[in-house]
Amino acid sequence: MSLAGNIDQENEELRSFIKKMWKRTRPKLLDEVIPPPGSDQMTVGKFYATFLIQDYFRRFKKRQEEKQKVQKHRQANTRVLTVGFLYTPKICNL
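Every value quoted in this text rests on a predicted model; they were computed, and no experiment measured them. (Residues numbered from 1 in each chain as written. Predicted model: local features only at pLDDT ≥ 70, side-chain atom pairs only at ≥ 80, totals over all residues. Heavy atoms only, no water.)

## As for the overall build of the chain
So, point 1. Secondary structure summary: the chain contains three helices and zero strands in total.
So, point 2. Taken from N to C terminus, the helices and strands of the chain fall in the order α-α-α.
So, point 3. Counting over 94 residues, the chain shows a buried share of 7%.
So, point 4. As displayed, the chain offers around 9600 Å² of accessible surface, 59% of which is attributable to carbon and sulfur atoms. (Helix = DSSP H or I, 4+ residues; strand = E, 2+ residues; numbered from the N terminus. Buried < 20%, exposed > 50% of the residue type's maximum accessible area, 1.4 Å probe, protein only. Areas by Shrake-Rupley, 256 points an atom, 1.4 Å probe, with all protein chains shown as cover.)

## Focus: the side chain of N11
So, point 1. With respect to the helices and strands, the residue N11 is situated in helix α1 (residues 7–21).
So, point 2. We classify N11 as buried; its relative accessible area is 15%.

## Here's the deal with the pattern of salt bridges
So, point 1. A complete count under the given rule lists three salt bridges for this structure.
So, point 2. The closest approach of N and O atoms between R15 and E12, which form a salt bridge, is 3.7 Å. Taken together, the positions of R15 and E12, both in helix α1 and three residues apart, correspond to about one turn of that helix.
So, point 3. Take R15: its relative accessible area is 7%, and that puts it in the buried class.
So, point 4. Judged by its relative accessible area of 35%, E12 is partly exposed.
So, point 5. Salt-bridge contacts for R15 lead to D31; the nearest nitrogen and oxygen are separated by 2.6 Å. With a gap of 16 residues between them, R15 in helix α1 and D31 in helix α2 (residues 27–33) connect regions that are remote in the sequence.
So, point 6. Sharing partners across several salt bridges, the network here consists of E12, R15 and D31. (Salt bridge = Lys/Arg side-chain N within 4 Å of Asp/Glu carboxyl O.)

## Quick look at the confidence of the model for the chain
So, point 1. Per-residue confidence for the chain gives a mean pLDDT of 77; residues scoring 70 or more make up 70%.
So, point 2. In the model of the chain, α2 stands out as the element of lowest mean pLDDT, 82, in contrast to helix α3 (residues 44–76), which has the highest, 85. (pLDDT = per-residue confidence, 0-100.)

## Examining the packing of aromatic side chains
So, point 1. The tally for this structure, following the rule as stated, stands at one aromatic pair.
So, point 2. Measuring from centroid to centroid gives 6.4 Å for Y56 and F60, while their planes differ by 15 degrees, and the two rings are stacked. Taken together, the residues span about one helical turn, with Y56 and F60 both in helix α3 at a distance of four residues.
So, point 3. Given the relative accessible area of 35%, F60 is considered partly exposed. (Phe/Tyr/Trp six-rings, centres within 6.5 Å; stacked < 30°, edge-to-face > 60°.)

## As for a nonpolar patch on the surface
So, point 1. Together, F47, Y48, F51 and L52 give the surface a local cluster of nonpolar side chains, amounting to about 440 Å² of exposed area.
So, point 2. One can find F51 in helix α3. (Patch = residues over 30% accessible without salt bridge, like charges linked within 9 Å, V, L, I, M, F, W, Y side chains within 5 Å.)

Right under this line is the structure:
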C-alpha cells in the first residue's frame, strides 16, 4: 500500500491482501468496504474527510461570530471621556 499511484490498483491490492488474510470474507462485504475498480462510491475515507472539513468550517464560523460579538460589545460600551478643556490646535499660514 502506498499514498501515491492509481487508486484502483491500490484498492485491488488491498482486496487481495484481505482475501489472503481472511479467506471467508464475502465479496459483497469487500465491495461495501473497498469500492470496485472504476466506481465513484463514497468510501469511509472520503466520508470522514468531508466530516472533518464540515466540522472545521463550523468551528471557524463560530469563532468568527464570537469575535464579532465581542467587537460589537466593545464598540457599544466605549465612551470618549475628556478631562479638562478641549484643545483645538491653530494652523498658521506662513
